[in-house]
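Listed here are the chains, written in short residue letters.
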Amino acid sequence: MHSDPDTFSQLASAISGLHLQPPPENVLPSENIVTQARGKLQTTLSSSGVGFEETIRHIREDLAPGFNGSSRSPNYYGFVTGGSTPAAALADNLVTIYDQNAAVHLPQESIATNVEDSATSLLAQLLKLEPSQWPHRLFTTGATASNVLGLACGREYAISEASAHRSDPVCSVGELGIVEAMRSAGIDKLQILTTVPHSSLVKAAGILGLGRASVVDVGLPTVSHKFDLARLKNLLEQPRTASIIAVSASEVNTGLFATSGLEEMQEIRKLADTYGAWIHVDGAFGIFGRILTSPAHSDIISFCAGLDLADSITGDGHKLLNVPYDCGFFFSRHRDIAKCVFQNPNAPYLSTGAATDLLVSPSNVGLENSRRLRALPVYANLTAYGADGYRAMLERQIELSRGIAEYLIDSPDFELLPESDRSKEEVLNGVYIIVLFRAKDEGLNKEVTSRIKAGRKIYVSGTAWDGKPACRFAVSNWMTDAQRDLPIIKQVLSEVVEAWKKT
Ligand SMILES: *Cc1c(COP(=O)(O)O)cnc(C)c1O
C-alpha cells in the first residue's frame, strides 16, 4: 500500500509542510522548460497508482516548473490576473481541507452559508454598497459567470415588466421558457444595450438564448465607450421590446468607464425605470474604483459614482481582490427575481429546514448546487487587510500604471492609447490600472508585444486598437510597488527600442 496521509491532521500537515516551487526568476519559464514539463505529463492511466508521495513529487518537480508566474510575480501584467495574498492563499487551502459544501443553508449544522453572507456583506461595504439593499449576493466562478447571472436576472425582470405593463399575471422565463414568456408578455425582442462590452457579456447573451446578436452597441461614434443617450432612449422606446442596459465599468482594453458621473447614471436609471429595463454593471475590476478617496483619483471616483443605481453588479475576486482563481461575485437588488430564475424545484432533500434567519440557500439563488466555499479567501482578505489595506493596494497599482503611462507619453518611441488631445496631467488623472499603447514605428509595433515578452522580465498582453496591433499593461497584483517595478519596466521598454534600432 502507498503511504497516504490517513487522518485529517496528517493531511493538514502534509499541505502546510509543502515547499512550493519559488516563482520563476523571470516571469515566464523558458519555452524549453515548458516543453519538458509537458513531456512529463501522464498519458496513460496507471492501474495501481503511484501513491501520494510520488504524485506530490511529480507535481512539484516535473510539472510546476512549467507554470508561468502569473500570480506569483508582480511583473506579470498580462490580462488582469490579480494574484493571491498570503491570507487568501492559506484560506483557500483551508477551504480544500475542510471541504464544506456551500450549497444549502443549514443553520443548525454549518456556518458555511453564514461565511458567504458575511464575506459578501463586508465586500459590499468595501465597495460602498449598502448590504441590505443588495440582498441577492453570492460568489461565482468569475466575472463571466456573474455576467450570465446578471443577464439571466435582467431577462426575467425585463420580460415580466413588459407583461406587468399589460397587467398580465406572472410571466416568468424561469417557469415558462423564453419563447412562451415573451409571447405572453407581448414582446418580440429582447435587446442588450451597451458600449464596448466585454466578450463574456456577449457570450452570456448566447448562453441564455438571447443571442449574441441581441447585444447592441449604443456608443457615441467619436467616443465609443460612452453612451449615446439619445440613441439609447430611442431603442428603449421601441414597441414590443424588452431591454437590459449593460454598463461597462471599466472596459478591459483601455480601462475606460462607460459613465462619467452620478448625473449620467441617474439619467440612465430614469430611462430604465420609464421603459422597464434592467441595469447591469460589468465592474469586473472597475467596481473597485469605489474604494478610492484621494483627490489624485477624483476622476476615477466620479466614473464610479452612481454605479450603485444599477439592478445588478458583476465583480471579480481573482482580479483586484487578489484571491486565488475561481472567484467572482454577483450583487443584485432583487431577491425575488433570483428565486424566479434559480429556484431548485421540488427538491425536498435540499431544503433548509427550520431557518429562523433571512439567509437563503445559494443553490436557490445561483447557478450551482454543490459549490466550493469560495467565500473564505475573500473573508480572510477583508479581515486581514481591511478597507485601508485594499485602498493602499489599489493606490500602488494606480501609481505604477500612471508611472508607465507618463513614461510612454514622454517617450519619442511610444504612443499612449487612446490618442488624446488633452493635457498630460488630464490624461494621467484618468488612468486606472490599464495602460494601452503602441510603438510609433509600424515595424516595431507589429513585434513589440512579443519582443517585450521574449525578455521574460515582464509580461504584457497583445491586443488591437483602431485596426492596428497594440500592447497592454494590466496592473493588478497585490505585490505591486512602483518604486521597485517601474525602473524594470522602463528598462525593458528602452532595451526593446534599442535592439530594434540596431536591426
Ligand atoms: C475579466 C473580465 C471579465 C471576465 O472575467 P472572468 O473572471 O475571466 O470570467 C468580464 N468582464 C470584464 C470587464 C473583465 O475585465
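Note that this is a predicted model, so its numbers are computed, not measured.

Trainee: Now, about the packing of aromatic side chains: what can you tell me, with residues and values included?
Mentor: Using the criterion set out here, one finds 11 aromatic pairs in the structure. Between Phe257 and Tyr432 the ring centres are 5.5 Å apart and the planes differ by 65 degrees, which places this aromatic pair in the edge-to-face class. Separated by 175 residues along the polypeptide, Phe257 in the loop between β4 (241–248) and α11 (262–275) and Tyr432 in the loop between α15 (424–429) and β9 (434–439) bring together distant segments of the chain. When sorted by exposure, Phe257 lands in the same class as Tyr432, which is buried. Pairwise contacts between aromatic rings join Tyr77, Phe414, Phe437 and Phe473 into one cluster.

Trainee: Any details on helix α4 (residues 86–98)? Residues and values, ideally.
Mentor: An ideal rise of 1.5 Å per residue puts 18 Å on 13 residues; α4 measures up with 18 Å between its terminal C-alpha atoms. Residues Ala87, Ala88, Ala91, Asp92, Val95 and Ile97 constitute the buried set of α4. Backbone geometry just downstream of α4 places Asp99 in the positive-phi region, at approximately 45 degrees.

Trainee: Which residues make up the nonpolar core, and what are the values?
Mentor: Core analysis: the largest hydrophobic core is formed by 62 residues, its most contacted members being Leu123, Ile245, Phe288 and Tyr432. The dominant element in this core, judged by the number of residues it contributes, is helix α14 (residues 375–410), at seven residues. The residues that make up this core include at least three from each of domain 1 (112–381) and domain 2 (386–501). In contact with Phe288, other than residues within four places in its own chain, are Leu126, Leu127, Asp316, Leu320, Leu321, Phe329, Leu394 and Tyr432. One finds Val173, Ile178, Leu190 and Phe342 within the second-largest nonpolar core, a separate group that totals 35 residues.

Trainee: So what's going on with the state of the cysteines? Which residues, and what values?
Mentor: Taken as a whole, this structure holds zero disulfides when the rule is applied. Unpaired in this structure, Cys153 has its nearest cysteine sulfur neighbour in Cys340, at a distance of 9.4 Å. Judged by its relative accessible area of 0%, Cys153 is buried.

Trainee: I'd love a proper account of the site of the ligand, names of residues and values included.
Mentor: Close to the ligand lie 14 residues; Thr144, Asp282, Asp316, His318 and Lys319 are nearest. Contacts to the ligand include Asp316, whose side-chain N or O atom sits 2.7 Å from an oxygen atom. When the ligand is considered free in solution it has 380 Å² of accessible area, and contact with the protein chains removes 83% of it. With three residues, the single largest contributor to the shell around the ligand is helix α6 (residues 143–165). When its residues are assigned to classes, the shell around the ligand shows four nonpolar, seven polar and three charged.

Trainee: Account for the domain arrangement of the protein chain, naming residues and giving values.
Mentor: Taken domain by domain, the protein chain consists of domain 1 (112–381) and domain 2 (386–501). Summarising the inter-unit geometry, the C-alpha centres of domain 1 and domain 2 are found 31 Å apart. Facing 25 residues of domain 1, the contacting portion of domain 2 comprises 27 residues. A per-residue breakdown of the area domain 1 buries against domain 2 is headed by Asn253, Leu320 and Asn322, which together make up 27% of the total. Taken together, the links from domain 1 to domain 2 amount to zero salt bridges. Viewed at the interface, domain 2 and domain 1 are joined by 10 residue pairs in polar contact (both at pLDDT 80 or more).

Trainee: Please give an account of the packing of helix α16 (residues 442–454) against helix α17 (residues 482–502) that cites residues and values.
Mentor: Between α16 and α17, the least distance of the axes is 11 Å, while the angle of their chain directions is 130 degrees. Taken together, the axes of α16 and α17 lie oblique to each other. Between α16 and α17 lies a crossing of right-handed hand. In contact with Gly443, Leu444, Glu447, Val448, Arg451 and Ile452 of α16, α17 contributes Val492, Leu493, Val496, Val497, Ala499 and Trp500. A breakdown of the residues in the contact of α16 with α17 according to their chemical character gives nine nonpolar, one polar and two charged.

Trainee: Please provide a residue-by-residue account of the sheet that holds β9, values included.
Mentor: In spatial order, the strands read β8-β9-β11-β10; together these four strands make up an open sheet with antiparallel pairing. Two strands close off the open sheet at either side, each with one partner strand: β8 (414–417) and β10 (461–465). Within the sheet, the average angular offset between the axes of one strand and its neighbour, ignoring direction, is 40 degrees. Relative to the sheet, α16 contacts β8, β9, β10 and β11 (468–474), its axis offset from that of β11 by approximately 35 degrees.

Cut-offs applied
- Residues numbered from 1 in each chain as written.
- Predicted model: local features only at pLDDT ≥ 70, side-chain atom pairs only at ≥ 80, totals over all residues.
- Heavy atoms only, no water.
- Phe/Tyr/Trp six-rings, centres within 6.5 Å; stacked < 30°, edge-to-face > 60°.
- Helix = DSSP H or I, 4+ residues; strand = E, 2+ residues; numbered from the N terminus.
- Buried < 20%, exposed > 50% of the residue type's maximum accessible area, 1.4 Å probe, protein only.
- Expected span 1.5 Å × (residues − 1).
- Core = buried A, V, L, I, M, F, W, Y, C linked by side-chain atoms within 4.5 Å.
- Domains from an automatic or database assignment.
- Contact = heavy atoms within 4.5 Å.
- Disulfide = S-S within 2.5 Å.
- Near = heavy atom within 4 Å.
- Polar contact = N/O pair within 3.5 Å; in protein donor to acceptor, adjacent residues only side chain to side chain.
- Areas by Shrake-Rupley, 256 points an atom, 1.4 Å probe, with all protein chains shown as cover.
- Nonpolar A, V, L, I, M, F, W, Y, C, P; charged D, E, K, R; others polar.
- Buried area = accessible area lost by both parts, 1.4 Å probe.
- Salt bridge = Lys/Arg side-chain N within 4 Å of Asp/Glu carboxyl O.
- Axes fitted to C-alpha atoms, helices over the stretch in contact; angles between N-to-C directions.
- Parallel < 35°, antiparallel > 145°, perpendicular 65-115°, else oblique.
- Left-handed = near helix turned anticlockwise from the far one by under 90°.
- Pairing = 2+ DSSP bridges.

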